[in-house]
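# Descriptive structure summary
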Amino acid sequence: METAEPEQQPAAENRSQSLGGHVGFDSLPDQLVSKSVSQGFGFNILCVGETGIGKSTLMNTLFNTMFETEEATHHEPGVRLKSQSYGLKETNVDLKLTIINTVGFGDQVNKEESYKPVVDYIDTQFESYLQEELKIRRSLHDFHDTRIHACLYFIVPTGHCLKSLDLVTMKKLDSKVNIIPIVAKADTISKSELHKFKIKIMSELVSNGVQIYQFPTDDEAVAEINSTMNAHLPFAVVGSMEEAKVGNKMVKARQYPWGIVQVENENHCDFVKLREMLIRVNMEDLREQTHTRHYELYRRCKLEEMGFKDTDPDSKPFSLQETYEAKRNEFMSELQKKEEEMRQMFVARVKETEMDLKEKEKELHDQFDQLKKTHQEEKKRLEEKRRDLEEEMNAFNQRRMAAQTLQGHSFMATGQQPLKKDKDRKN
């Protein structure tokens, strides 16, 4: 008997329909803006660079605020990351800004593992967000997202090439964070040398496979400016909160005996370009790239380590419940195996202890028997000595009595003889 095959349903198609009047869903962007503004925004910047390169000064200049910072020394035993959060408000927009500084980076003699604390810090923030996601009761809407959105990597303006520490660190970080390389203290190098240095930096990054953040060009509104700014990377910046009078107005600048370097003058440095690209144009894209690219990569790797997959070996949809049950059974069997191993180990140790106790008990018995035997022998010798002593005492007493008897007889004999002589004299 033949069975009829079920008919395949055609896939749903998007069809355009004309509206008879105004409905109102064109206000969705306004609703999103209103909701986002009420919730506020968060932005986390990681500053990686050697001590004294100007990280804190640049942050102050970028946000036109004097942040609370402590001067670091060049004698740190290791690299440590210091995080500070600030609440900023511009017009009616609230921004929770977190600045993470790498204290002691590049100050050690052995710099081979200087990047590890930075990588560990980024992974820790990803892990914290993942743990919140995996909770049964999640509260991501008010969760303080500490994931790094942008990494400003400060390069020393040597004019030659990148240090090996810079290449190794950026290579370790490029899959975890959006790297924006900048040449710090650009006023310490001439324009011609700076131009060659920037070309050399980009060439070395490409040849070593380091992926830095590229400003997006898929949005027509910012495609042209972002495409132009990508060609200016790395940005050569100068930071300063000091003001100097240029013409009839006061501007942020660094004043030298030979002249004034204006921070916001694009002919002097790329500070304005960095501020525009980082804050005004691409801040939301940096946040989105952190979530959709870097965090998703970390999340996928973590879940794959835990045994979760999208499809099973037969290319069938993967069941989360089955995976959980399989992992649970595997964990329980492993736990039982370890429990049995611990029990066997405990039994073996108990047996070893019993054997040791028996051996020690046997040794004690042997020592007791030896002491008992020695005691008996000593007692026997003492008894023999006592008997010998008693015999000697008896013999001594007998000799003494014999001597006394003999002495008495001798006294009696000597007493009678004088009496007889006296009688003969009288007669």
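It should be noted that the structure appears before, not after, this text.
Residues numbered from 1 in each chain as written. Predicted model: local features only at pLDDT ≥ 70, side-chain atom pairs only at ≥ 80, totals over all residues. Heavy atoms only, no water.

## A look at the overall build of the protein chain
Within the protein chain one finds nine helices and nine strands. The C-alpha atoms of the protein chain give a radius of gyration of 49 Å, which is well past the 22 Å a tight globule of 427 residues would have. In terms of its C-alpha atoms, the protein chain occupies a principal-axis envelope of roughly 190 × 100 × 45 Å. When each of the 427 residues of the protein chain is scored for burial, the buried share is 30%. Within the protein chain, contacts between residues separated by at least 24 positions form 67% of all contacts whose residues are at least 6 apart in sequence. When the accessible surface of the protein chain is totalled, it reaches about 30400 Å², and 51% of it is carbon and sulfur. (Helix = DSSP H or I, 4+ residues; strand = E, 2+ residues; numbered from the N terminus. Rg over C-alpha atoms; globule rule 2.2 N^0.38 Å. Buried < 20%, exposed > 50% of the residue type's maximum accessible area, 1.4 Å probe, protein only. Contact = heavy atoms within 4.5 Å. Areas by Shrake-Rupley, 256 points an atom, 1.4 Å probe, with all protein chains shown as cover.)

## What to know about the pattern of salt bridges
Taken as a whole and judged by the stated rule, the model has 18 salt bridges. Asp 187 is the salt-bridge partner of Arg 254, the closest N and O atoms lying 3.8 Å from each other. Taken together, the positions of Arg 254 in strand β8 (residues 249–256) and Asp 187 in the loop between β5 (179–183) and α5 (191–207) put the pair 67 residues apart, joining distant regions of the chain. In this structure Arg 254 comes out as partly exposed when scored by relative accessible area, which is 32%. Arg 386 serves as the salt-bridge partner of Glu 390, at 2.7 Å between the closest nitrogen and oxygen. On the criterion of helical spacing, the pair formed by Glu 390 and Arg 386 is a turn pair, its members being four residues apart in helix α9 (residues 320–426). (Salt bridge = Lys/Arg side-chain N within 4 Å of Asp/Glu carboxyl O.)

## Examining the packing of aromatic side chains
Where two aromatic rings form a pair, the distance of their centres and the angle of their planes describe that pair. Summed over the entire model, instances satisfying the criterion amount to ten aromatic pairs. Between Tyr 129 and Tyr 295, the aromatic rings sit 5.1 Å apart at their centres with planes inclined by 85°, giving edge-to-face as the arrangement. Of this pair, Tyr 129 sits in helix α3 (residues 116–133) while Tyr 295 sits in helix α8 (residues 283–305); the two residues are 166 residues apart in sequence, bridging distant segments of the chain. For the residue pair Tyr 129 and Tyr 295, the accessibility class agrees, reading buried in each case. Grouped by ring-pair contacts, the aromatic residues Phe 126, Tyr 129, Phe 143, Tyr 295 and Tyr 298 constitute a single cluster. Here Arg 147 stacks its cationic end above the ring of Tyr 129, 3.7 Å away from the centre of that ring. Lying over the aromatic face of Tyr 295, Arg 147 brings its terminal NZ or CZ to 4.9 Å of the ring centre. (Phe/Tyr/Trp six-rings, centres within 6.5 Å; stacked < 30°, edge-to-face > 60°. Lys NZ or Arg CZ within 6 Å of the ring centre and 35° of its normal.)

## Describing the pairing of strand β4 (residues 150–155)
For β4, the buried fraction is high: six of the six residues fall into the buried class. Here β4 shows a buried face lined by Ala 150, Leu 152 and Phe 154 and a second buried face lined by Cys 151, Tyr 153 and Ile 155. Sheet analysis places strand β1 (residues 41–48) next to β4, joined by four bridges and oriented parallel. If you follow Val 48 over to β4, its bridge partner there is Tyr 153. Where β4 lies against β5, five bridges are found, and the strand directions are parallel. Across the sheet, the residue bridging to Tyr 153 is Pro 181, located in β5. In terms of handedness, the path from β4 via helix α4 (residues 164–173) over to β5 forms a crossover that is right-handed. (Pairing = 2+ DSSP bridges. Right-handed = clockwise from strand over helix to strand, strands pointing away.)

## Topic: α8
The first and last C-alpha atoms of α8 sit 32 Å apart over 23 residues, in line with the 33 Å expected at 1.5 Å per residue. Of all the bends in α8, the greatest, near 35°, is centred on Tyr 295. Listed as buried for α8 are Met 283, Asp 285, Leu 286, Thr 290, His 294, Tyr 295, Tyr 298 and Leu 303. Buried residues belonging to α8 abut β1, β3 (93–103), α3, β4 and α7 (271–281). One or two positions beyond α8, positive phi appears at Gly 307, with a value near 100°. (Expected span 1.5 Å × (residues − 1). Bend = angle between axes of the 7 residues up to and from the residue.)

## Description of α3
Helix length check: α3, at 18 residues, gives a terminal C-alpha distance of 26 Å against a target of 26 Å (1.5 Å per residue), a fit within 8%. All buried positions along α3 are accounted for by Val 118, Val 119, Tyr 121, Ile 122, Asp 123, Gln 125, Phe 126, Tyr 129, Leu 130, Glu 132 and Glu 133. At its buried positions, α3 is contacted by β1, β2 (80–90), β3, α4 and α8.

## Quick look at the sheet that holds strand β9 (residues 259–262)
Read across the open sheet, the three strands follow the order β7-β8-β9; overall the sheet is antiparallel. Single-partner strands in this sheet number two, and they are β7 (243–246) and β9. Neighbour to neighbour, the strand axes of the sheet diverge by 65° on average, direction disregarded. Bridging between β8 and β9 involves four bridges; their strand directions are antiparallel. (Axes fitted to C-alpha atoms, helices over the stretch in contact; angles between N-to-C directions.)

In short, geometric facts, not functional conclusions.
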